[in-house]
Amino acid sequence: MNFFSSDFKLGILGGGQLGKMMLTETRKFDIQTLVLDPSEEAPARFGCNAFYKGSLMDFDTVYQFGKMVNLLTIEIENVNLDALQKLEEEGLVVYPTSATLKLIQNKGFQKDFYVQNDIPTSKHQRFVDLNDLRNSLDKNKLEFPFVWKCAQFGYDGNGVKIVRSTLDLIDLPEVECITEEMIDFKNELAVIVARSVFGEVKTYPVVEMEFHPEANQVEYVICPARIDNEVAKKAIEIALKVSEKFNHVGLLAVEMFQTENDEILVNEVAPRPHNSGHHTIETSYTSQFENHLRAILNLPLGNCDSKVAGIMVNLVGEEGFSGQVVYENIEKIMAIGGVTPHIYGKKETRPFRKMGHVTIVNEDMNEARKIAEDVKNSIRVISNSKTILNF
């Protein structure tokens, strides 16, 4: 099939920053792209050939959108799986498939899948709701501390909480959830695997992630990870095993813990371009977004090697500010060599909302990390009005 400068139409479910960055590649290749997103302010609304507003969880909306395209992909997992399955039954190509998404969309199913396939992961328990969890505590079947996660619809640190006592349960929602054993770890790592339709597989170098202690969001992504070669090799081997078991097509980001004993435990996965791979736009021969397209279109995968060391800094809304976004001191960081900001196009900021990222490239990793710290301390994502908190 001819994808380039043709009548072929690629559909993307989700028009957030991942969709926007994917469109950079579709425009480079002149591939017609249609985007569906619930927000009129979706970052991807300007870069596609046609934008449609609608719910990603509504059966009819997703189904009718799918009927307009030749191939359907996602930039977010929370989509209507029944609609995808019906489209597949009618012959539409969907990557990742509804079967893969069903295993990943629910964190309880995902954790069970790891256990069933001998993939190392932390111990977990599943609960129908918070009341079910409380009953387990009352019966001493669950002990503090533990990590609580909502089974579905969590993102960017939302839906995750460390629970150390019953007081930490007070504000948690009454939804299906899981608990995970607390892991004593050295590093949080990630490996992105690209897998094409016919099974060509490549991996990006292992990255190291540093998280914000309160928001549970990634602050820095460091490539390559500052770990021993043997640990990196083990992480890649496990990521490849996870990829093989899910039998996905496209990208699969595998997030992991490196324990104090240098074991590698899989935390969770994302079957799409991922925050841990944004640096690849500047650092790699082929970005994660281009390789996702190559994989789902069954084109030869591009070189995943890094050209240079790089660090990504997430730009999130500063605490205490909500409203029309202002990027303070952005000119200051742009004056630094090797610094490239990416602004996602979200007009309204709020505390900890992802608004953009900055990539720092440098042949010296230590220098790159120093510059990243300067960038983080310099740029502020604020608004013209402060948030008023009522107590």
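Residues numbered from 1 in each chain as written. Predicted model: local features only at pLDDT ≥ 70, side-chain atom pairs only at ≥ 80, totals over all residues. Heavy atoms only, no water.

## Considerations on the packing of helix α3 (residues 81–89) against helix α4 (residues 98–105)
α4 packs onto α3 with a crossing angle of 160 degrees between their chain directions and a minimal axis gap of 9 Å. By the criterion of interaxial angle, the relationship of α3 to α4 is roughly antiparallel. Where α3 crosses over α4, the handedness of that crossing is left-handed. On α4, the residues that touch Leu81, Leu84, Gln85 and Glu88 of α3 are Ser98, Leu101, Lys102 and Gln105. Among the residues making up the contact of α3 with α4, the classes are represented as 3 nonpolar, 3 polar and 2 charged. (Axes fitted to C-alpha atoms, helices over the stretch in contact; angles between N-to-C directions. Helix = DSSP H or I, 4+ residues; strand = E, 2+ residues; numbered from the N terminus. Parallel < 35°, antiparallel > 145°, perpendicular 65-115°, else oblique. Left-handed = near helix turned anticlockwise from the far one by under 90°. Contact = heavy atoms within 4.5 Å. Nonpolar A, V, L, I, M, F, W, Y, C, P; charged D, E, K, R; others polar.)

## A few points about the pattern of salt bridges
Taken as a whole and judged by the stated rule, the model has 23 salt bridges. For arginine 45, the salt bridge identified is with glutamate 41, shortest N-O distance 3.6 Å. By relative accessible area, which is 44% here, glutamate 41 ends up partly exposed. Of the charged contacts in the structure, one is a salt bridge between lysine 111 and glutamate 180, with a shortest N-O distance of 3.3 Å. Of the two residues, lysine 111 is situated in helix α5 (residues 107–116) and glutamate 180 in strand β9 (residues 177–181); the sequence distance between them amounts to 69 residues. Both residues of the pair, lysine 111 and glutamate 180, belong to the buried class. (Salt bridge = Lys/Arg side-chain N within 4 Å of Asp/Glu carboxyl O. Buried < 20%, exposed > 50% of the residue type's maximum accessible area, 1.4 Å probe, protein only.)

## Focus on the pairing of strand β16 (residues 309–316)
Burial analysis of β16 places 8 of its 8 residues in the buried class, the great majority of the element. Of the two faces of β16, the one holding Ala309, Ile311, Val313 and Leu315 and the one holding Gly310, Met312, Asn314 and Val316 are both buried throughout. The pairing of strand β13 (residues 218–223) with β16 spans 4 bridges and is antiparallel. Paired with valine 221 across the strands is methionine 312, a residue of β16. Relative to strand β20 (residues 354–362), β16 runs antiparallel, the two sharing 8 bridges. (Pairing = 2+ DSSP bridges.)

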